[in-house]
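Descriptive analysis of the structure
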Amino acid sequence: MDKSELTKIMGLYQSHLQVKKLLSPATISLYLNSIKMFVNFCEKFHLKLAIPEEWKIENLGVRELEAFLQHHIDVLKWKRSTMVTCVSGIKGFYQYLAETENIKNPIQHFKLPRNISEIGQQKIDINIINQLFQYSAEYSLQGLQQRLLLEFIYGLGMSLAKLVKINSAVPELDEGQVRLYFMNSKYRDIPFSPLSINILKSYLKMIDNIDGHQAFWVNQKGKHLTAAQLQNLLKKYFVKHNLSPISANELRDLSVQHFSGEGADVRSLQTLRQLKQLRRLQSLKGSNFGHLQKKFRNKHLRNSTLKSE
């Protein structure tokens, strides 16, 4: 890496942050330090990372950035807030290079996982979750809503942001299928078990008797429930069954981990979470996935050890 050239570009980037982005001196300093740390890390571990000897900044991509972050999590015990700032600075630098130096941006679509160190802190056994599906749903507005939340979030991997936009549902579109209509007039066909379809029918019948309701998730007065209120319903459901309260995101993560452990392939997990990039599933997989990655990297053509052999 040409240090003099990097220093020159860093100076121009600093001016860019001051004049164009109007960032505070403290933020600019953090951004610049993040880039320096990333470059120094790649120089120090370039053999392990299988980076070419005469490398340039555009040779560093998502693989190197992920290794850099994981190293600082394991060794320096970085917090998420530190990682967010660091990634923002590095991504901004690559974007600046793409715009001014006509250099490709290899990390343009990189997204920091919600918790890169360990997603899914809740360690609830799959048998316990399966048992929740076997319980009879409490025949009340709240009871039916809680059981449907379990189906949507755990069984179908749907987020609260998506759920809160459901406008209506048609439970008998086809055998084992339910059609959900959203507020933007779009719809999605989803698989539902016979038991869950019966619960959905009971819920639809119940809200039809609530005057003035115009949405799928409503309270006794027909007012639309917010995402925070749905989250609270979910937590109450777990507490009611003597389990630790759990967030919707943690429950979604559990579904990926549990289904993966039961033999679901990566494509099925990708469909479950509606993810376009397989990389987003990496932090939800077990240690065996990392071991497989290591094997691929050791056999990679750019691996210096393999070249010498």
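A brief report on the enclosed structure follows. Positions within a chain are numbered from 1, following the residues in the order the chain's sequence is written. Where local features are concerned, this predicted model is filtered to residues with pLDDT of at least 70; where side-chain atom pairs are given and counted, the filter is 80 or more; whole-chain, interface and lining totals use all residues. The basis for every side-chain value is the complete set of non-hydrogen atoms in the structure, without hydrogens or water.

1. Examining unusual backbone geometry
A positive phi angle is found at Leu 22, which is not glycine, with a value near 55°. Strands here mean DSSP runs of E at least two residues long; helices mean DSSP runs of H or I at least four residues long; both are numbered from the N terminus. Its place among the elements puts Leu 22 in the loop between helix H1 (3–19) and helix H2 (25–44). Even without being glycine, Asn 242 reaches a positive phi, approximately 60°. Buried residues are those whose accessible area, probed at 1.4 Å on protein chains only, stays under 20% of the maximum for their type, while exposed residues exceed 50% and partly exposed ones sit between those limits. Take Asn 242: its relative accessible area is 74%, and that puts it in the exposed class.

2. Side note on H1
Here the expected length of a helix is defined as 1.5 Å per residue gap, with one fewer gap than residues. For H1, which comprises 17 residues, the first-to-last C-alpha distance of 24 Å matches the rise-based estimate of 24 Å (1.5 Å per residue) to within 8%. Of all the residues in H1, the buried ones are Leu 6, Ile 9, Met 10, Tyr 13, His 16 and Leu 17. Seen end-on, H1 carries its buried residues on one side only, within an arc spanning 115°. Exposed residues lying more than 90 degrees from the buried face of H1 are Ser 4, Thr 7, Lys 8 and Val 19. When checking whether two residues touch, look at their non-hydrogen atoms; a contact exists if any pair is within 4.5 Å. On its buried side, H1 packs onto H2 and helix H4 (80–100). In this description, one arc is meant: the one made by directions from the helix axis to the C-beta atoms.

3. Re the packing of aromatic side chains
Pairing of aromatic side chains here covers Phe, Tyr and the six-membered ring of Trp, requires ring centres within 6.5 Å, and sorts the geometry by plane angle: under 30 degrees stacked, over 60 edge-to-face, intermediate tilted. What the rule picks out here adds up to 14 aromatic pairs. An angle of 45° between the planes, with centres 4.9 Å apart, marks the rings of Phe 41 and Phe 45 as tilted. There is no split in this pair, since Phe 41 and Phe 45 are both buried. Residues Tyr 203 and Phe 216 carry aromatic rings whose centres are separated by 5.2 Å and whose planes lie at 65° to one another, so their mutual orientation is edge-to-face. Linking Tyr 203 in helix H8 (residues 194–208) with Phe 216 in the loop between H8 and helix H9 (227–240), this pair joins segments that are 13 residues apart in sequence. Accessibility expressed as a relative area gives 1% for Phe 216, which makes it buried.

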